[in-house]
Amino acid sequence: MDLRRVKNAEKLVMCRRYYLAGFFALPFLWIVNSVWFFQEAFRKPQYTEQAEIKTYVIRSFIGSVIWLAIVIVWVTIFQLKRVDWGSTGDALLFSIPHGSA
Amino acid sequence: MTVMEFFGCTFITFGPPFALFLFTIARDPMRVIVLMASGFFWLCALLMSSIVWFAMVPLRDHLAFGVVCSVLLQEIFRFLFYKILRKANDGLLAVSQQTTEQHVTPKDFSNRHIMAYVSGLGFGVIAGTFSIVNVLADMSGPGTIGIEGDSKYFFLTSACLSLCIILLHMCWGVIFFSALDKKQWIRVGMVVTAHMLFACLSLVNQASSSDNSEVYLGSLIPSYLLLFGSGVAAFLTAGGSLVNLKAALICRRGRYEIE
Amino acid sequence: MQWNSAGSGLMREDLGIPVFALSDESDVFKVLHKCFFKFNLREKNETAREYPLCAAELNTKMYAAIDTETCLRRSRHFSFLGKNELCDPMGDKNNHVTMLNIPQNETRADDSVIVVGARLDSASLFTLEYQASDTSVTGFVSLLAAMEALWKVKDKIRKTKNAKDIMFAFFHGEAYDYIGSSSMVYSMTQGTFPQDLDHGLHLHKIQLQHIHQLVELNQVGYRDNEGSLWLHTDPNNRKTKLAQIQKMIDGLQDATQGLNVTLQEADATLPLPPASSQRFLMEQSDIPVVVVTDHQTQFTNKFYNSRLDLPELINATDYSPDLSKADKYDHVTKQAELIAELSTALARYLYQASTGAAPDATTEQTLTANSSTVTHMLYCFLVSPNCELFKETVSPVNAESLKTTVLPYPFYVGVYSSQQTRELSTLVYSLMARFTGDKVDLSESDCKENENDKRYSYLYVQGTLKGKGQEREGWCLKSLVHKSDALSPAFIIDGYDWKSGKYSTWTESRWGGESDSIRVRLFLVPSKQLQVSILVFGIVVLVLSLLIVYWCSIHATHIFTNRLTGSGTQSTYSPMF
């Protein structure tokens, strides 16, 4: 889809939808939102809907950063500590590796 | 044999074709389609050759028979692809003109050599792939060839020869199609002969062993000479000349804005 | 007390690399001649060889990890990909036979069963690579020979009033923390030994209070210079049952009169050596126990639980070089003679312990172990199972696989299966049936358990050769021989505490699959220079081709201009041609 050919009102609706949908544990939508509408929000000359689009883009970006931080922290802890957690560690795995802890 | 040899041989065999694909074919959907189609025709030729080989039970162990048969069948299928491509010219042109904003220009069809080059490359890429991919698959383990007495340059030679066949097919595509357009049967015969020559040269490799790696040079050097010759012939057929080449090399700057 | 200080803990050491023992000649030839000598062996002037050099990849990927508890838990882990078995409990079946056939509706008095036991299995660093000559074979073969001798006078014993029952027990899985004996003791406490039935005529249960005494044969092959064997006791046991133990020791020593075997009493302060009896004492510490071994303090067997526990070293294969196979089979080896003497002493002791009186002269004569049988058993278990004794004693079904076997059957307990037993256990069971059972006139299809009287088990075996041909007589043996599970109670008890260390928790890991198979691969390894040069060459080709093609594609219209000349104007150019 080429945003250049979409009307401003439609753009706002799309941006808002992506922003709201991201709250359902879908950070990737936020990432896409912030990248895709970046140009619209910050580089294009001023138009009426731009202010709202700008807020959505900024919030999506912040949300993505928070999610990224959470994921990195969890993955690090899991990789380092899973073996120490014994049976709870195994319960968290879907596919247990053969032959190693 | 280690991942290093694997990547080295992959780059050797597929480096130039990849570069050719990237810069001359990838940006144009029509060229990509013709590339895939000609590859498919080569596969059909391979299928036919294997059926013939399978059918000739007593001759199964004689590699030379299989090689000769395969070469002839490949050239037949190249001819068939030429016929189909020319007949389909109309339809392809109509399709390409519908989407007006795309990059496809009728130039692809006004310069017949472009499609000849693409189909030759398609033939070549699939031929080269089939020739090297099993060897590559065996390469990536921890060991290398040689415990049964084979030469340690086998992998390098295979990669170089595969590269050679890919580029050769590309050159032959140009020469073959142009010769058929102008009904120059001698040239068609020369392509077939060159192909047969290359294939039979590779049979020389069977005599190699760990002490006798020089045998590989007996097939590598003539093959590359053949490649050089075919390349020059294709270059001239497609409209190039030494003068133009020199001009392009010398006056590199400020030339391309004419296009 | 370290009984085997030279070898203690050797098998549990983590070497960090897989180790393979190659015994197939063609494999060894490949490693030496096609690989090492050809590519790696240094030249005479000590210079190293050039690349490519020969290398080997050893793969022993096992599925289990950490410990049994983790492995079993992971096996039960839910997976969409189906069952995920990672390890299996080890075990097999114990074999036992009782002299008397007391049914469950009669009474069995306390202290009325004499148990005499031996272990069947051994362990080793390498799978299926060991003969366990002294570790277990001498022990159980002595016991089998004693059994054969004793059952010759079974009628006399059975007719004697108030004779004690004698139970011969062969424990399996002892090398792995006493799987078999702990299983037997556990089933005794649960009241399910020897038969776990609740209806029909079956043997009266035997529980720990019924056991009068326990004699065990351990390693008996490496006797010291005086040719003695040692009688060990447990110091704690002595505190409560000194009189009885003394009686046992005296009885055993008396039984050796006139025989070429000396039984010496080991120092009373020494603890009991590692033995299956330990499990009985753990449960009930006042059962009098005597263990017969060939060592007093340190093991005389330097190759306990090792692939080097060879029959040659215990004089069980002292053949002269020109003997034929058949003659080797019949030749009574030195070890066979010694074992026969020991078995005779044991049989005589058991007779006396059971009936309460020493055997009279004729009975004593009958109570002599057959050294020919002993040497046959040693041959079949240690040299080759393709021998007459086994051929007679197996069922027709098993006879087929016997024909193709060359190497001795393994002494490894293996993975527990409720249906099947491995060769060792099956063969001992068959031998027990043969030595203690009666031949009854039933056809092969009829030779099975009687619904009314489950005390007896029936086994159909091939029997001896009929005359000159290949045909065999075919016997149906009715006996009191039974199998019982040798599976560690840890896997039976609900909610067993895996950390308690009370029972054996050994499991065997699974392995397999295409890429994970156990294998050794030999191949050549190229020099680093060759590898790097090929990689660099490839990268150079790639980069160069990218540059050249890019340049060509930019200048393409200038290079390929000749087509426009001499082919007319654009208008005659139809797209078609």
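Residues numbered from 1 in each chain as written. Chains lettered and ligands numbered in written order. Predicted model: local features only at pLDDT ≥ 70, side-chain atom pairs only at ≥ 80, totals over all residues. Heavy atoms only, no water.

A. Inspection of the overall build of chain B at higher detail. Tallying secondary structure elements over chain B gives 10 helices and zero strands in all. Ordered by position from N to C terminus, the α and β elements of chain B give α-α-α-α-α-α-α-α-α-α. Its C-alpha radius of gyration of 20 Å places chain B within 12% of the 18 Å reference for a compact globule of 259 residues. Seen through its C-alpha atoms, chain B measures out along the principal axes to roughly 60 × 45 × 35 Å. Out of the 259 residues belonging to chain B, those deemed buried represent 49%. The centroid of the 17 positive side-chain charges in chain B is displaced by 14 Å from the centroid of its 15 negative side-chain charges. (Helix = DSSP H or I, 4+ residues; strand = E, 2+ residues; numbered from the N terminus. Rg over C-alpha atoms; globule rule 2.2 N^0.38 Å. Buried < 20%, exposed > 50% of the residue type's maximum accessible area, 1.4 Å probe, protein only. Lys, Arg positive; Asp, Glu negative; His and termini not counted. Charge placed at Lys NZ, Arg CZ, Asp CG, Glu CD.)

B. Highlighting the UniProt feature "transmembrane region" (unreviewed entry) in chain B. Residue and element names in this part refer to chain B. Per the UniProt annotation, the sites labelled "transmembrane region" (unreviewed entry) are residues 6-25, 32-56, 62-81, 114-133, 153-178, 185-204 and 224-245. Structurally, residues 62-81 comprises 95% helix and 0% strand, and the distance from its first C-alpha atom to its last is 29 Å. In this annotation, residues 185-204 is assigned 95% helix and 0% strand; the end-to-end C-alpha distance for the span is 29 Å. (UniProt positions renumbered as here; feature names shortened; annotations may be inferred.)

C. Focus on the state of the cysteines. One pass over the full model with this rule turns up four disulfides over all chains. Each disulfide pairs two cysteine sulfurs, and for C380(C) the partner residue is C387(C), the sulfurs being separated by 1.9 Å. Across the S-S bond of C380(C) and C387(C) the torsion is about 125°, and the bridge reads as right-handed. In this structure C387(C) comes out as buried when scored by relative accessible area, which is 2%. Residue C447(C) pairs covalently with C476(C) via a disulfide, S to S 2.0 Å. Note on the C447(C) and C476(C) pair: the S-S dihedral is about 90°, so by sign convention the disulfide is right-handed. Taken as a pair, C447(C) in the loop between β10 (438-440) and β11 (457-461) and C476(C) in strand β12 (residues 475-479) lie far apart in primary sequence, 29 residues in all. The residues C447(C) and C476(C) share a single accessibility class, namely buried. No disulfide involves C9(B); its sulfur sits 7.9 Å from that of C160(B), the nearest cysteine. Its relative accessible area of 0% is what places C9(B) among the buried residues. Between C200(B), a cysteine without a disulfide, and C69(B), which holds the nearest cysteine sulfur, the sulfur-to-sulfur distance is 12 Å. A residue is classified by how much of its surface remains accessible, and C200(B), at 32% relative accessible area, is partly exposed. (Disulfide = S-S within 2.5 Å.)

D. Summary view of the sheet that holds strand β7 (residues 228-232) of chain C. All names here are of chain C. Reading across the sheet, the eight strands line up as β8-β7-β9-β6-β4-β5-β3-β13 and stay open at both edges, with mixed pairing between neighbours. Of all strands in the sheet, those bounded by a partner on one side alone are β8 (262-265) and β13 (481-487). Each adjacent strand pair in this sheet contributes to an overall mean axis angle of 25°, direction not counted. For strand β4 (residues 113-119) and strand β5 (residues 165-171), the ladder comprises seven bridges, and the chain directions are parallel. By the bridge assignment for β5, V115 is matched with M167. Strands in contact with helix α3 (residues 133-151) are β3 (91-98), β4, β5 and β6 (211-217); relative to β5, the strand with the most contacts, it is inclined by about 155°. (Pairing = 2+ DSSP bridges. Axes fitted to C-alpha atoms, helices over the stretch in contact; angles between N-to-C directions. Contact = heavy atoms within 4.5 Å.)

E. Focus on the nonpolar core. F140(C), L144(C), L150(C), F168(C), F170(C) and F381(C) are the most contacted members of the largest nonpolar core, which totals 101 residues. With 60 residues, the next largest nonpolar core counts L20(B), A116(B), I175(B) and I534(C) among its residues. (Core = buried A, V, L, I, M, F, W, Y, C linked by side-chain atoms within 4.5 Å.)

F. Representation of the sheet that holds β12(C) in the model. Residues and elements named next belong to chain C. Pairing in this open sheet of three strands is antiparallel, and the strands run β10-β12-β11 from one edge to the other. Edge positions in the sheet fall to β10 and β11, since each has one partner strand and no second. For this sheet, the mean inter-axis angle between neighbouring strands, taken without regard to orientation, is 35°. In terms of strand pairing, β10 meets β12 through three bridges, oriented antiparallel. Directly across from K439, in β12, lies its bridge partner L477. Packing of helix α14 (residues 423-436) onto the sheet brings it into contact with β10, β11 and β12, and relative to β12 it is tilted by some 85°.

G. The interface of chain B and chain C, seen in detail. Between chain B and chain C, the residue contacts involve 50 residues of the former and 43 residues of the latter. Summed over both partners, the interface of chain B with chain C comes to about 4100 Å²; 74% of that surface belongs to carbon and sulfur atoms. Broken down residue by residue, the surface that chain B buries against chain C is led by M4(B), F23(B) and I147(B), which jointly contribute 16%. Between the two partners, chain B and chain C, sit one salt bridge. Here K34(C) and E148(B) are joined by a salt bridge, their closest N and O atoms 3.7 Å apart. For the interface between chain B and chain C, the tally reads two residue pairs in polar contact (both at pLDDT 80 or more). Those elements that provide at least two residues to the side of chain B that touches chain C are α1 (2-25), α3 (63-87), α4 (89-98), α5 (107-110), α7 (154-181) and α10 (242-250) of chain B. (Buried area = accessible area lost by both parts, 1.4 Å probe. Salt bridge = Lys/Arg side-chain N within 4 Å of Asp/Glu carboxyl O. Polar contact = N/O pair within 3.5 Å; in protein donor to acceptor, adjacent residues only side chain to side chain.)

H. Expanded view of the pairing of β13(C). Residues and elements named next belong to chain C. Extensive coverage of β13 is indicated by the burial of five of its seven residues. As judged from the seven bridges shared by β3 and β13, these two strands associate in the antiparallel manner. Residue pairing for β13: H96 is matched across the bridge by H482.

I. Structural view of the interface of chain C and chain A. With 14 residues of chain C at the contact, the number on the chain A side is 13 residues. Approximately 1000 Å² of surface area, both sides summed, lies buried where chain C meets chain A, with 57% of it carried by carbon and sulfur atoms. When the buried surface of chain C facing chain A is broken down by residue, R73(C), R74(C) and H77(C) rank first, second and third, together holding 48% of it. Where chain C packs against chain A, one counts two salt bridges. Close ionic contact of D90(A) with R73(C) constitutes a salt bridge, the shortest N to O distance being 2.6 Å. On the surface where chain C and chain A come into contact, there are six residue pairs in polar contact (both at pLDDT 80 or more). Split into classes, the residues belonging to the side of chain C that touches chain A amount to eight nonpolar, three polar and three charged. (Nonpolar A, V, L, I, M, F, W, Y, C, P; charged D, E, K, R; others polar.)

J. View of the packing of helix α2 (residues 27-36) of chain A against helix α4 (residues 50-81) of chain A. Residues and elements named next belong to chain A. Between α2 and α4, whose axes approach to 8 Å, the crossing angle comes to 135°. Here α4 runs oblique to α2, going by the angle between their axes. In this structure, the crossing between α2 and α4 has a hand that is left-handed. Facing P27, W30, I31, N33 and S34 of α2, the residues of α4 in contact are Y56, V57, S60, F61, G63, S64 and W67. (Parallel < 35°, antiparallel > 145°, perpendicular 65-115°, else oblique. Left-handed = near helix turned anticlockwise from the far one by under 90°.)

K. Layout of the UniProt feature "transmembrane region" (unreviewed entry) in chain A. Residues annotated by UniProt as "transmembrane region" (unreviewed entry) correspond here to residues 20-38 and 58-78 of chain A. For residues 58-78 of chain A, the helix share is 100%, the strand share is 0%, and the end-to-end C-alpha distance is 30 Å.

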